[in-house]
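In case you want the letters, here they are:
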Amino acid sequence: MPAKISPSKGSPYARILGVGGYRPTRVVPNEVILEHIDSSDEWIRSRSGIASRHWASPEETVAEMSLAAGGKAIADAGISASDIDAVVIATVSHFKQTPAIATEIAHRIGAGKAPAFDISAGCAGFTYGLTLAKSMVTDGTAQHVLVVGVERLSDLTDLEDRSTAFLFGDGAGAVIVGPSKEPAIGPTVWGSEGDKAQTITQTVAWDAYREGAADEIRFPAIAQEGQAVFRWAVFEMAKVAQEALDAAGITADQLDAFIPHQANMRIIDSMIKTLKLPEHVAVARDVETTGNTSAASIPLAMERLLATGQARSGDTALVIGFGAGLVYAATVVTLP
Ligand SMILES: CC(C)(COP(=O)(O)OP(=O)(O)OC[C@H]1O[C@@H](n2cnc3c(N)ncnc32)[C@H](O)[C@@H]1OP(=O)(O)O)[C@@H](O)C(=O)NCCC(=O)NCCS
């Protein structure tokens, strides 16, 4: 007979207890992008819905932005930093391969020796982190998890690439996931499509910089096959979003808010149509003034919907992240 191992004891359910965001001080309108590429404000707005984005200063590092957003989420949740017993940071723009930035965040935010790690899941990084956090809380390995999506995509943008120069922005968004008496984070529908890995990719791998190769190559940037990604997002991600609604037992009529990854306004509009979302559903359109901030985009958009009164605490929202990998994750949540 093998020895009997005691099971871990978690909360029956988990919920988002608080949300916080940080947008860098510098606002960059399309005019600044037009100094580098042959395009127009009208083209950028009509093709992407983006009018401006925020770019971080040297002081607005991945760590500082994470701490600012995390601090707001902690305050919003009404807990103290010492209550946090796990830290998950989703990012693709922390430029040290090791150590993870999460341990620095855990230490500096006051979460002591909380387990801390980074995840790399592109623009689905936040929804992947949310899914892990829910599992930790219901499994009992953590009671309060800080999940941060943070990016400095301006560091990974080739300003001369007219297919991407206008898309990306910087910022951080954070949530606290904790125990709940009611289900408040639905089943996650998630997956990956590695056969499409090359459709969004870093142009140059870090190891290309060994032994003088750096002199001959351009800095790494995010490159993408815009139309292929657009079609995938419009056709495949609407299906995933519907599956997440079905898995949660929620109809489009019962939704109060829709918070998709902020990649492109036309993708958002197309999803609204396919999902047949009724007029009363508040739709996050943060991409207009924040651009695509990858892992940060959903919590930033969530914070803004709540701050502007377009959505309220207790509302039911569909969230879906999708991007480089290609990867995706969608779920239905109760807003904090
Ligand atoms: C990037 C994106 C806005 C480009 O829009 P698009 O309609 O696909 O543009 P295309 O690359 O097909 O180019 C269409 C035309 O515009 C031109 N064009 C491309 N970039 C341009 C720019 N910045 N300014 C003006 N014209 C541009 C092209 O040369 C082409 O001209 P042509 O028809 O004369 O050949 C769009 O593909 C997109 O949003 N894709 C998804 C991006 C995304 O969300 N990625 C992240 C997912 S996580």
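Residues numbered from 1 in each chain as written. Predicted model: local features only at pLDDT ≥ 70, side-chain atom pairs only at ≥ 80, totals over all residues. Heavy atoms only, no water.

- Named according to an unreviewed UniProt entry, the protein chain is Beta-ketoacyl-[acyl-carrier-protein] synthase III originating from Actinacidiphila polyblastidii.
- Taken verbatim from the UniProt record of the protein chain, the Sequence similarities (unreviewed entry) comment is "Belongs to the thiolase-like superfamily. FabH family."
- UniProt's Subunit (unreviewed entry) comment on the protein chain is quoted here verbatim: "Homodimer." (UniProt positions renumbered as here; feature names shortened; annotations may be inferred.)

**Digging into the overall build of the protein chain**
- For the protein chain, the count of helices and strands is 9 helices and 14 strands.
- Relative to a compact globule of 336 residues, whose C-alpha radius of gyration would be 20 Å, the protein chain shows 19 Å and is just as compact.
- Dimensions of the protein chain, computed from the C-alpha atoms along their principal axes, are close to 65 × 50 × 40 Å.
- Within the protein chain, contacts between residues at least 6 apart in sequence are counted, and of these 76% link residues at least 24 apart.
- By element, 52% of the accessible surface of the protein chain is carried by carbon and sulfur atoms, the whole surface being about 14,800 Å².
- Where the 27 positive side-chain charges of the protein chain centre and where its 39 negative ones centre are 5 Å apart. (Helix = DSSP H or I, 4+ residues; strand = E, 2+ residues; numbered from the N terminus. Rg over C-alpha atoms; globule rule 2.2 N^0.38 Å. Contact = heavy atoms within 4.5 Å. Areas by Shrake-Rupley, 256 points an atom, 1.4 Å probe, with all protein chains shown as cover. Lys, Arg positive; Asp, Glu negative; His and termini not counted. Charge placed at Lys NZ, Arg CZ, Asp CG, Glu CD.)

**Notes on the pairing of strand β4 (residues 86-90)**
- For β4, the buried fraction is high: 5 of the 5 residues fall into the buried class.
- Note that β4 and strand β5 (residues 116-119) share 4 bridges and pair parallel. When the sheet's bridge partners are listed, valine 88 is paired in β5 with phenylalanine 117.
- Viewed along the sheet, the connection from β4 through helix α4 (residues 101-109) into β5 turns out right-handed. (Buried < 20%, exposed > 50% of the residue type's maximum accessible area, 1.4 Å probe, protein only. Pairing = 2+ DSSP bridges. Right-handed = clockwise from strand over helix to strand, strands pointing away.)

**Some thoughts on the UniProt feature "domain: Beta-ketoacyl-[acyl-carrier-protein] synthase III N-terminal" (unreviewed entry) in the protein chain**
- In the numbering adopted here, UniProt assigns the feature "domain: Beta-ketoacyl-[acyl-carrier-protein] synthase III N-terminal" (unreviewed entry) to residues 117-194.
- End C-alpha atoms of residues 117-194 are separated by 23 Å, and the span's content is 19% helix alongside 33% strand.

**What about the site of the ligand?**
- Every one of the 22 residues lining the ligand counts as a neighbour, but Ser39, Arg47, Gln224, Gln227 and Asn264 are closest to it.
- Take asparagine 264: an N or O atom from its side chain is 2.5 Å from an oxygen atom of the ligand.
- In isolation the ligand exposes 950 Å². Once the protein is present, 73% of that is buried.
- Counting residues per element, the ones that place at least two in the shell around the ligand are α2 (41-48), α6 (226-248), α7 (265-275) and β13 (316-323). (Near = heavy atom within 4 Å. Polar contact = N/O pair within 3.5 Å; in protein donor to acceptor, adjacent residues only side chain to side chain.)

**As for the packing of helix α3 (residues 62-77) against α4**
- The N-to-C vectors of α3 and α4 enclose an angle of 50 degrees; their axes lie 10 Å apart at closest approach. Relative to α4, the element α3 lies oblique. Regarding α3 and α4, the two cross each other, and that crossing is right-handed. Listed contacts from α4 to Val62, Ala63, Glu64, Ser66, Leu67, Gly70, Gly71 and Ile74 of α3 are Ile101, Glu104, Ile105, Arg108 and Ile109.
- For the contact of α3 with α4, the residue count by class is 7 nonpolar, 3 polar and 3 charged. (Axes fitted to C-alpha atoms, helices over the stretch in contact; angles between N-to-C directions. Parallel < 35°, antiparallel > 145°, perpendicular 65-115°, else oblique. Left-handed = near helix turned anticlockwise from the far one by under 90°. Nonpolar A, V, L, I, M, F, W, Y, C, P; charged D, E, K, R; others polar.)

**Details of the domain arrangement of the protein chain**
- Looking at the protein chain, the domain boundaries give domain 1 (13-180) and domain 2 (189-334).
- Of the residues lining the interface, 51 residues belong to domain 1; the matching set on domain 2 comes to 43 residues.
- Summed over both sides, the interface between domain 1 and domain 2 buries roughly 3,700 Å², with carbon and sulfur atoms accounting for 61% of that surface.
- Between domain 1 and domain 2 we count 18 residue pairs in polar contact (both at pLDDT 80 or more) in total.
- Counting only elements with at least two residues in the side of domain 1 that touches domain 2, the list comes to β1 (13-22), α2, β3 (52-55), α5 (125-139), β6 (145-152) and β7 (170-180).
- Grouping the constituent residues of the side of domain 1 that touches domain 2 by class yields 21 nonpolar, 20 polar and 10 charged. (Domains from an automatic or database assignment. Buried area = accessible area lost by both parts, 1.4 Å probe.)

**Notes on α4**
- For α4, the complete set of buried residues consists of Ile101, Ala102, Ile105, Ala106 and Ile109. Down the axis of α4, the buried set is contained in an arc of 140 degrees. They therefore lie on one face.
- Looking at the packing, one finds that the buried side of α4 touches α3, β4, β5 and β6. (Arc of directions from axis to C-beta.)

**A word on the packing of aromatic side chains**
- The tally for this structure, following the rule as stated, stands at 5 aromatic pairs.
- Seen in terms of ring centroids, phenylalanine 95 and tryptophan 206 are 5.6 Å apart; in terms of plane orientation they differ by 70 degrees. Their pairing is edge-to-face. Of this pair, phenylalanine 95 sits in the loop between β4 and α4 while tryptophan 206 sits in the loop between β9 (200-202) and β10 (222-224); the two residues are 111 residues apart in sequence, bridging distant segments of the chain.
- Given a relative accessible area of 37%, phenylalanine 95 falls into the partly exposed group.
- Each ring, one from tryptophan 232 and one from phenylalanine 322, has its centre 6.3 Å from the other, and the planes form 70 degrees; the classification is edge-to-face. Highlighted residues: tryptophan 232 in helix α6 and phenylalanine 322 in strand β13, separated in sequence by 90 residues. (Phe/Tyr/Trp six-rings, centres within 6.5 Å; stacked < 30°, edge-to-face > 60°.)

**Examining the packing of α6 against α7**
- Viewed as axis vectors pointing N to C, α6 and α7 meet at an angle of 40 degrees, and their least axial separation amounts to 9 Å. Considered as vectors, α6 and α7 are oriented oblique to each other. Considering only the axes of α6 and α7, their crossing is right-handed. Judged by residue contacts, Phe230, Ala233, Val234, Met237, Ala238, Ala241 and Gln242 of α6 engage Arg266, Ile267, Ser270, Met271, Thr274 and Leu275 from α7.
- Class assignment of the residues belonging to the contact of α6 with α7 gives a composition of 9 nonpolar, 3 polar and 1 charged.

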